[in-house]
Amino acid sequence: MKKNVIALLVIIFFLLSFRQVSKEVFEFPDLFPTPTYDFKNNPLDSNKIELGRLLFYDAILSKDNSISCSTCHSRFNAFAHNDHNLSHGINDKIGTRNAPVLFNLAWQPTFMWDGAVNHLDMQALAPISSATEMGEDIVNVVDKLQNDPFYRNKFYTAYNDSIVTGEKVLKVLSQFQLTLVSANSIYDRVKSGEGEFNDQELKGYKLFQENCNTCHQEPLFSTYELAQNFIAIDSNLNDYGRGVISKSSDDSLLFKIPSLRNLEYSFPYMHDGRYFELNTVLNHYTSKETKLKFKKEGLKKVNLSEDDKVDLIAFLLTLNDKEFVFNEKHRFPRELLIKWKE
Amino acid sequence: MRVFFVFFFLGSLKLTAQYVTFTAELGDSTTLVLGDSKRISKLTFYVSDVQLETMNGEFVEVAAYHLIDFKDSNSLKIETDNEREIKSIHFKLGIDSTTNVSGAYGGVLDPTKGMYWSWQSGYINFKIEGVVQREKYILHLGGYSYPFKSVQQIILPVKTQSDEFRITLPVDEIIEKLIPIDNTIMSPSLKAVEMSKSVSSFFYLK
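Residues numbered from 1 in each chain as written. Chains lettered and ligands numbered in written order. Predicted model: local features only at pLDDT ≥ 70, side-chain atom pairs only at ≥ 80, totals over all residues. Heavy atoms only, no water.

Student: Could you give an account of the domain arrangement of chain A, naming the residues involved and the relevant values?
Tutor: Residues and elements named next belong to chain A. Once the domains are mapped, chain A shows domain 1 (44-182) and domain 2 (186-320). Computed over C-alpha atoms, the centres of domain 1 and domain 2 are 27 Å apart. Listed as interface residues are 26 residues of domain 1 and, on the opposing side, 25 residues of domain 2. Summing both partners gives a buried area of about 2,100 Å² for domain 1 against domain 2, and 56% of it is carried by carbon and sulfur. Put simply, domain 1 and domain 2 have one salt bridge between them. For the salt bridge of D239 with R97, the shortest nitrogen-to-oxygen distance reads 2.7 Å. Taken together, domain 1 and domain 2 are joined by eleven residue pairs in polar contact (both at pLDDT 80 or more). Residues that form the side of domain 1 that touches domain 2 fall into these classes: twelve nonpolar, twelve polar and two charged. (Domains from an automatic or database assignment. Contact = heavy atoms within 4.5 Å. Buried area = accessible area lost by both parts, 1.4 Å probe. Salt bridge = Lys/Arg side-chain N within 4 Å of Asp/Glu carboxyl O. Polar contact = N/O pair within 3.5 Å; in protein donor to acceptor, adjacent residues only side chain to side chain. Nonpolar A, V, L, I, M, F, W, Y, C, P; charged D, E, K, R; others polar.)

Quick look at the structure:
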């Protein structure tokens with residue numbers, strides 16, 4: 001009897017310590033500020049991250065099993081999409097916006113080009129239910145996962161309970177996406193004293209600080225607030241950005257400032273993907289018509305010579321993080337292939 | 001004494017005896033027919049921060065969040081363990097702003113309950129859908145941030161002590177007074193705020 005109790009205690013202790021091991025610490029460089037995401041409500045756990053990765057890559061989240069999150073957010077494009085300027089979803093339906101990059105999401109206070117989503121956890125509801133993206137419904141997603149022995153098992157491992165809920169689906173998707181931290185560019189190495197800019201990059205860095213840093217603020221290269229960089233409205237899309245959400249003309253054409261990390265991988269640029277090259281983007285900023293607007297301050301115009309543009313682009317390219325884009329931890333989970341075969 | 005109170009919907013303002021038929025009539029049918037020309041196919045809303053104020057001014061918390069769905073008779077009743085006499089019942093119609101910006105929740109706040117917008121963050125505080133004079137109406141009232149904050153505080157004074165407090169929402173008032181103003185509201189707006197104020201003023205204690 002006593003022996004049994006001891007054996008049981010040993011097993012319990014073993015199980016407890018096992019669960020402890022699955023806890024993950026959110027790591028980020030000293031250079032970065034404190035994350036905005038409140039990890040207390042969704043503590044990272046390797047089993048949950050893994051489950052989130054499976055769901056991110058599994059088309060089971062769409063109505064006809066044709067589209068996964070990764071269809072539009074591909075790893076090699078810093079989780080943006082480079083085939084199209086506007087996103088392509090279920091039944092080849094074309095959306096109205098360019099799929100943005102996904103990294104350093106833990107520091108973002110709002111999501112989407114117009115800031116319509118206020119929390120990473122709630123973001124996935126938008127693509128899942130959008131008629132032009134995945135055409136599904138969170139209720140069906142939960143049902144499908146609940147009826148799938150593979151996922152029931154995974155939810156059990158992650159939550160010690162195989163009941164699938166909307167909350168759990170959203171939180172594990174957040175967990176995987178939170179681990180997409182990009183902080184290993186040349187710029188980061190220079191900042192941590194492990195590298196140096198060449199002369200051209202250094203010139204470009206100064207130009208960046210003078211002209212771009214107000215909005216595309218270091219070290220994340222965005223304040224993630226809303227601003228206007230005055231790209232002319234596309235009369236086919238008529239996208240007024242924040243103005244549509246707030247129903248206020250003051251907010252017309254305000255869009256969320258995107259990070260400038262990983263631009264080499266994330267073209268095309270802007271909310272409607274209208275520019276394919278950094279050169280074109282800089283020509284836009286220096287054109288006569290361009291007015292910049294950020295928090296009611298009028299910003300001075302951007303004046304750059306042709307040489308300046310070359311230097312600035314050299315600096316922008318130091319923000320590419322190859323290690324991030326090729327990080328094996330974020331890749332398509334092979335386990336899914338085996339699952340799909342069955 | 002066990003105190004609980006019942007959310008009780010009157011199609012037309014009839015007596016309590018109607019209530020029994022009313023719930024029985026619903027069964028698994030999806031529409032509630034009010035007279036000939038009025039129908040409700042959906043009536044769901046959140047009440048939150050439900051508290052009872054006792055005679056000496058103390059507050060007894062009864063429920064943090066509760067989802068009322070008129071198709072689910074179990075949802076119409078909130079039980080409490082308070083046995084004292086009470087002066088008033090306090091609750092909010094809808095979900096507070098902090099909860100709206102704090103990520104995913106389970107239970108009645110789980111997004112599978114159909115009370116969350118998807119393309120823009122925020123809970124839908126109050127939903128009513130149906131047909132009136134052959135025209136569809138659909139009011140989804142919500143919004144958590146200025147100037148579209150639509151959650152409403154409601155305080156109902158208790159006149160007679162009982163172990164069952166019946167809070168009534170006269171649906172006819174909504175159909176007669178609000179639908180003519182606008183029969184389609186599906187996103188946060190100033191009109192949604194005004195309508196939320198009106199709806200909250202319709203509640204009364206039987």
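Now, onward.
Student: Account for the interface of chain A and chain B, with residues named and values stated.
Tutor: Opposite the 21 residues of chain A that make contact, chain B presents 21 residues. Our count for the chain A to chain B interface comes out at zero salt bridges. The tally of links from chain A across to chain B stands at twelve residue pairs in polar contact (both at pLDDT 80 or more). Looking at the side of chain A that touches chain B, the elements with two or more residues in it are α4 (120-123), α5 (125-129), α6 (138-146), α8 (166-178) and α11 (242-246) of chain A. It is α8(A) that provides the largest number of residues to the side of chain A that touches chain B, a total of four residues. Tallied by class, the residues present in the side of chain A that touches chain B amount to ten nonpolar, seven polar and four charged. (Helix = DSSP H or I, 4+ residues; strand = E, 2+ residues; numbered from the N terminus.)

Student: Got a sec to walk through the nonpolar core? Specific residues and values, please.
Tutor: Burial of nonpolar side chains together is a common tendency in soluble globular proteins. In this structure, L55(A), F56(A), L61(A), L145(A), Y151(A), F155(A) and V169(A) are the most contacted members of the largest nonpolar core, which totals 63 residues. Only α2 (46-57), α4, α5, α6, α7 (149-159), α8 and α15 (322-325) of chain A provide two or more residues apiece to this core. In terms of domain composition, this core takes at least three residues from each of domain 1 (44-182) and domain 2 (186-320) of chain A. What L61(A) contacts, discounting residues up to four positions off in sequence, is L55(A), C69(A), I128(A), M134(A), E136(A), V141(A) and L173(A). Formed by 41 residues, the second largest nonpolar core is a distinct cluster that contains L52(B), L76(B), I78(B) and L93(B). (Core = buried A, V, L, I, M, F, W, Y, C linked by side-chain atoms within 4.5 Å. Buried < 20%, exposed > 50% of the residue type's maximum accessible area, 1.4 Å probe, protein only.)

Student: Pulling in residues and values, what's your account of the packing of aromatic side chains?
Tutor: This model, assessed by the stated rule, comprises 30 aromatic pairs over all chains. For the ring pair F208(A) and F221(A), a centre distance of 5.4 Å and an interplane angle of 55° mean the geometry is tilted. Taken as a pair, F208(A) in helix α10 (residues 199-211) and F221(A) in the loop between α10 and β1 (226-227) lie far apart in primary sequence, 13 residues in all. With respect to class, F208(A) is no different from F221(A); both count as buried. Among the aromatic side chains, those forming a connected cluster through ring pairs are F56(A), Y57(A), F79(A), F103(A), F176(A), F324(A), F332(A) and W340(A). Directly above the aromatic system of Y159(A) lies the positively charged group of K48(A), at a separation of 4.5 Å from the ring centroid. Positioned above the aromatic ring of F148(B), the side-chain terminus of K247(A) is 5.8 Å from the ring centre. (Phe/Tyr/Trp six-rings, centres within 6.5 Å; stacked < 30°, edge-to-face > 60°. Lys NZ or Arg CZ within 6 Å of the ring centre and 35° of its normal.)

Student: Tell me about the environment of I68(B), and name the residues and values.
Tutor: Residue and element names in this part refer to chain B. Structurally, the position occupied by I68 is in strand β4 (residues 59-69). We classify I68 as buried; its relative accessible area is 0%. Note: C-alpha distance between I68 and F45 (23 residues apart in sequence) is 5.3 Å.

Student: How would you sum up the pairing of strand β9 (residues 152-157) of chain B? Please name residues and give values.
Tutor: For a regular strand, the rule is simple: side chains alternate between the two faces of the sheet. All names here are of chain B. Residues of β9 alternate between two faces, with Q152, I154 and L156 buried on one and Q153, I155 and P157 left unburied on the opposite face. As paired strands, strand β6 (residues 86-93) and β9 are joined by six bridges and run antiparallel to one another. Each bridged residue has a counterpart across the sheet, and for F91 the counterpart in β9 is I154. (Pairing = 2+ DSSP bridges.)

Student: How would you sum up the pattern of salt bridges? Please name residues and give values.
Tutor: Residues and elements named next belong to chain A. For the structure on display, the rule yields 22 salt bridges over all chains. Residues E335 and K154 are paired through a salt bridge, measuring 2.7 Å at the closest nitrogen-oxygen approach. In this pair, E335 sits in helix α16 (residues 334-341) while K154 sits in helix α7, placing the two residues 181 residues apart along the sequence. The partner of E218 in a salt bridge is K191, with the nearest N and O atoms 3.9 Å apart.

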